[in-house]
Amino acid sequence: MKKLLSMLLIAAMVLSMTACSSGTDAADDSSDAAAAEEGDTAEDAAEGSAEGGTFVIGGLGPLTGDAASYGISVMQGGQIAVDEINAAGGVQVGDATYMLELNFADDEASEDTVITAYNSLMDSGINALMGAVTSGACLAVIEQSSQDGILQITPSGSALGCTEYDNTFRLCFTDPLQGTTLADYAVDNLGASKIAVIYNNADEYSTGIMEAFVEEAEAKGAEIVANEAFVTGDVDFRTQLTSIKATDAELICVPAYYQDATYITQQAKDLEMDIPFIGSDGWDGVLGTVTDVTTVEGAVFLSPFLASDPAVADFVEAYEAAYNATPDQFAADGYDTVYVIKAAMEQAGSIESADLIAAMTEIQVDGVTGSVTFDATGEPNKAAKFVKIVNGEYTAME
Amino acid sequence: MKNVIEQLINGLSTGSIYALIALGYTMVYGIARMINFAHGDIIMVGAYALYVGVSLMNLPIAAAILLSIIVCAVLGITVEKVAYKPLRKAPPLAVLITAIGVSFLLQNLALLIFKATPIPFQSVIQVPSVSIGGITISGVTIVTLVMTLISMVILTLFINQTRAGSAMRAVSEDKGAAELMGINVNRTISQTFAIGSVLAAIAGILYICQYQSLRPTLGALPGIKAFVAAVLGGIGNVPGAMLGGIVLGLIESIAKAYISTELSDAIVFGVLVVVLLVRPSGLLGKLKNEKV
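Residues numbered from 1 in each chain as written. Chains lettered and ligands numbered in written order. Predicted model: local features only at pLDDT ≥ 70, side-chain atom pairs only at ≥ 80, totals over all residues.

It is worth spelling out the overall build of chain B at this point. Helices and strands together make up the secondary structure of chain B, namely 11 helices and 4 strands. Its C-alpha radius of gyration of 19 Å places chain B within 12% of the 19 Å reference for a compact globule of 292 residues. For the C-alpha atoms alone, the extent of chain B along its principal axes is close to 60 × 50 × 35 Å. Across chain B, every contact between residues at least 6 apart in sequence was considered, and the portion connecting residues at least 24 apart equals 74%. (Helix = DSSP H or I, 4+ residues; strand = E, 2+ residues; numbered from the N terminus. Rg over C-alpha atoms; globule rule 2.2 N^0.38 Å. Contact = placed C-beta atoms within 7 Å.)

Note on interface size: it is often stated as the accessible area lost on association of the parts. Counting residues at the interface gives 27 residues for chain A, matched by 24 residues for chain B. Sorting the residues of the side of chain A that touches chain B by element identifies β8 (223–230), α7 (238–245) and α8 (258–270) of chain A as the ones contributing at least two each. Per-class residue counts for the side of chain A that touches chain B are 9 nonpolar, 12 polar and 6 charged. (Nonpolar A, V, L, I, M, F, W, Y, C, P; charged D, E, K, R; others polar.)

Next up on the list: unusual backbone geometry. All names here are of chain A. Here the bond from G131 into A132 is cis, since omega is -10°, no more than 30 degrees from zero. By the element assignment, A132 lies in the loop between β4 (128–130) and α4 (135–148). Phi is positive for A109, which is not a glycine, with a value near 55°. Here A109 lies in the loop between β3 (96–106) and α3 (113–124). Looking at A109, the number of C-beta atoms within 10 Å reads 26, which means it is buried. (Buried ≥ 20, exposed ≤ 12 C-beta atoms within 10 Å, placed from the backbone.)

Let us now look at the environment of T144 of chain B. Residue and element names in this part refer to chain B. For T144, the position within the fold is in helix α5 (residues 139–161). Residue classification places T144 among the buried residues on the basis of 27 C-beta atoms within 10 Å. With 130 residues separating them along the chain, T144 and T14 place their C-alpha atoms 9.2 Å apart. Once you skip the residues sitting within four places of it in the chain, T144 turns out to touch S13, S16, I17 and L206.

A few words now on the packing of helix α1 (residues 2–32) of chain B against helix α10 (residues 238–258) of chain B. All names here are of chain B. Closest axis-to-axis distance for the α1/α10 pair is 6 Å, and the angle between their directions is 145°. In this structure, α1 meets α10 at a crossing whose hand is right-handed. A breakdown of the residues in the contact of α1 with α10 according to their chemical character gives 15 nonpolar, 12 polar and 1 charged. (Axes fitted to C-alpha atoms, helices over the stretch in contact; angles between N-to-C directions. Left-handed = near helix turned anticlockwise from the far one by under 90°.)

Time to look at α5 of chain B. Residue and element names in this part refer to chain B. Given a rise of 1.5 Å per residue, 23 residues ought to cover 33 Å, and the 32 Å separating the end C-alpha atoms of α5 matches this to within 8%. When α5 is considered as a whole, its buried residues turn out to be V140, T141, T144, L145, T148, S151, M152, L155 and I159. Lining the buried residues of α5 we find α1, β3 (135–137), α6 (163–173), α8 (185–211) and α10. (Expected span 1.5 Å × (residues − 1).)

What follows concerns the confidence of the model for chain B. Overall, the prediction assigns chain B a mean pLDDT of 88, with 98% of residues at 70 or greater. The ipTM, which scores confidence in the relative placement of chains, is 0.83 for this predicted complex, and the corresponding pTM is 0.75. (pLDDT = per-residue confidence, 0-100.)

Residue and element names in this part refer to chain A. As assigned here, chain A comprises domain 1 (52–173 + 311–381) and domain 2 (176–303). Between the C-alpha centres of domain 1 and domain 2 there is a distance of 29 Å. At the interface, 12 residues of domain 1 touch 13 residues of domain 2. For the side of domain 1 that touches domain 2, the secondary-structure elements that each account for two or more residues are α4 and α10 (329–348). Class assignment of the residues belonging to the side of domain 1 that touches domain 2 gives a composition of 5 nonpolar, 5 polar and 2 charged. (Domains from an automatic or database assignment.)

Attention shifts here to the nonpolar core. Residues L23, A47 and C72 of chain B are the most contacted members of the largest nonpolar core, which totals 201 residues. The dominant element in this core, judged by the number of residues it contributes, is α8 of chain B, at 15 residues. Each of domain 1 (52–173 + 311–381) and domain 2 (176–303) of chain A accounts for three or more of the residues forming this core. In this view, C72 of chain B contacts I42, V45, G46, A49, S197, V198, A200 and A201 of chain B; residues no more than four positions away in its chain are not counted. (Core = buried A, V, L, I, M, F, W, Y, C linked by C-beta atoms within 7 Å.)

Looking now at the sheet that holds strand β6 (residues 168–170) of chain A. All names here are of chain A. Spatially, 6 strands are ordered β2-β3-β1-β4-β5-β6 in an open sheet, and the strand pairing comes out mixed. Each edge of the open sheet carries a strand with a single partner, namely β2 (91–93) and β6. On average, each strand axis in the sheet is tilted by 30° relative to the strand beside it, whichever way the strands run. The pairing of strand β1 (residues 53–61) with β3 spans 9 bridges and is classified as parallel. Bridge assignment links G58 to a residue of β3, and that residue is N103. Packing against the sheet, helix α2 (residues 68–87) makes contact with β1, β2, β3 and β4, and its axis sits at approximately 165° to β3. Most of the contacts of α10 go to β2, to which it runs at about 25°, and overall it touches β1, β2, β3, β4 and β5 (151–154). (Pairing = 2+ DSSP bridges.)

It is worth spelling out the environment of V91 of chain A at this point. All names here are of chain A. Examined against the element boundaries, V91 turns out to sit in strand β2. We classify V91 as buried; it has 21 C-beta atoms within 10 Å. Sequence-wise, V91 and T54 are 37 residues apart; in three dimensions their C-alpha atoms are separated by 9.8 Å. The residues touching V91, leaving out its near neighbours within four places in the chain, are F55, I85, T97, Y98, L100, K342, M345 and E346.

Here the focus is the sheet that holds strand β10 (residues 277–279) of chain A. Residues and elements named next belong to chain A. Pairing within the open sheet is mixed, and its 7 strands lie in the order β8-β7-β9-β10-β11-β15-β16. In this open sheet, the two strands that pair with only one neighbour each are β8 and β16 (393–396). The sheet shows a mean angle of 25° between the axes of neighbouring strands, direction not considered. In this structure, strand β7 (residues 194–200) lies alongside strand β9 (residues 251–254), joined through 3 bridges in parallel fashion. Paired with I195 across the bridge in β9 is L251.

For the rest of this paragraph, the subject is the pairing of β5 of chain A. All names here are of chain A. Along β5, one buried face is formed by L151 and I153 and the opposite face, lined by Q152 and T154, is buried too. With 3 bridges connecting them, β4 and β5 associate as parallel partners. Residue pairing across strands places A128 opposite L151, the latter belonging to β5. Each parallel crossover has a hand, and for β4 linked through α4 to β5 it is right-handed. (Right-handed = clockwise from strand over helix to strand, strands pointing away.)

Residue and element names in this part refer to chain B. Between α5 and α8, whose axes approach to 10 Å, the crossing angle comes to 170°. Taken as axis vectors, α5 and α8 run roughly antiparallel relative to one another. Touching V140, V143, T144, M147 and S151 of α5 are L199, I202, L206, C209 and Q210, all from α8. Taken together, the residues of the contact of α5 with α8 sort by class into 7 nonpolar, 3 polar and no charged. (Parallel < 35°, antiparallel > 145°, perpendicular 65-115°, else oblique.)

Structural data, given as structure tokens:
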């Protein structure tokens, strides 16, 4: 009986292994086929007429789930840019003109779903990739995109590893740079000497910022009086907040996404704590999820974009007209990413992925998130901006 | 010291929600002898029903609470009639799997209707917080504790003092004999599910008043924790569920505060294992000899 069982198990294992390998083969075949097909159509288009054709920008980001607001914003911001560019006659590449098209897929901010979403985008034929919107999903997909050799620009994936490969670029700040910038601001501008931190230690974005923040704050002479962790999906932060309450913290740094920030600030108010908060750029959107805006009053967070800034009024107007909502930094990131891709196409004079990637370090784009250039490692060069919540509104800090 | 007391109060506030959910689990298990894994999702339905009543239909709060309770009671009876009743003579495993199926069905229906994006929801309980010697207890925590205590007392009285309660106890002892004595078994089990679901609705309402955010999976984790609480206290035992819930909340809070946030769940479940090794029937459960 035992022997029979072990034989059965072995048979099952062998079967599953062959099934696996044939599965990957099939996937490889199909992506090869798609790549070949795509190359053909692109060539056809280039040879066939001087009019060019359609340049498809694939998008990856969460359109559902906890982080949905980010993905939807990037998609809508990107769409505004695409519509503007097309209305102005498309992109001039050499002597051909290309119309842009945005094909955005939902990755649910999940490291599994993003692979499926990426594969279906590649199968449908895309020329450049804007995404992924969140760091975790972006890290999960870059290895495959580097093998496919496609230009990938993440509008908002801030984990250090997001630009690991030659084909990967980033429009926003990195996590460590955010942490350092936040610590400088907390110590130099807010004069905090005793700081508490609450971070998500199941999330690379949150952990990356926390580590750099703690290091820089301590280097500047501030004391980290409490360093409290939580994990993704937690809704109860009373324990961590109560521990912080027992210290003499003057400031709480929360490098996390807005949904976490919503729970944390609301529960801090329930516990009658009035310590000010400082947050990372994941806080953007927090006013849409709090039930009581006084819970986040006075909070400061890092954000490269503010809709009330007169310099970006045209973009804000177009966005409000199209979506009946005020654009946030993610919408601005999406918008700028499309313009970066446009600039790379014009600079390269070609729509081949290798030429586009080579052109990235030669362009400068004055976007709604500031003026940006890229270095060879894929990192952007641009200045930091802070936003403070005053009277329930986002307000730019000078 | 003040901090320890504050942490204990945090534990009490999560623990009382676990206790309220555990009451429903234990009630259904005690009478119908089945573990209703969909219980956590009925909490979610209760929470969404309150949201629909208050935010979408603009009902007065009392009416919205009533709506939420009625929706859950009807849902509980329907689930029992459709999914569990045809399996009454099937092995317990089949019923358990069906319950898990119902749980996924409810979650995905909510996902379909309300989408996955969390919905912010302003608490309907506006009770001021109480400060004693610098220690603050939020209003919602007090209301939750009081509601859990009241529910436990009413439930105990109902089961032990009323005719319907005696019928329930008879059904739980021996369905066949109860039927011979003229008890309508189907009606009694329906009543059990209705009461269990009403408890779930109350738990759902209190849960979103504490956390102020709705999502389709909100009932899943509290549901599992409450199940653990019910087992810890002795499943089938009403005061045991209450005790189990509170103990679980306290252990969780202390583990988070003084040992490690990441390990707190491991510690909670570790305690369960230890309790079950020492007292297999739970803290207040009675060991019953199975008659062969």
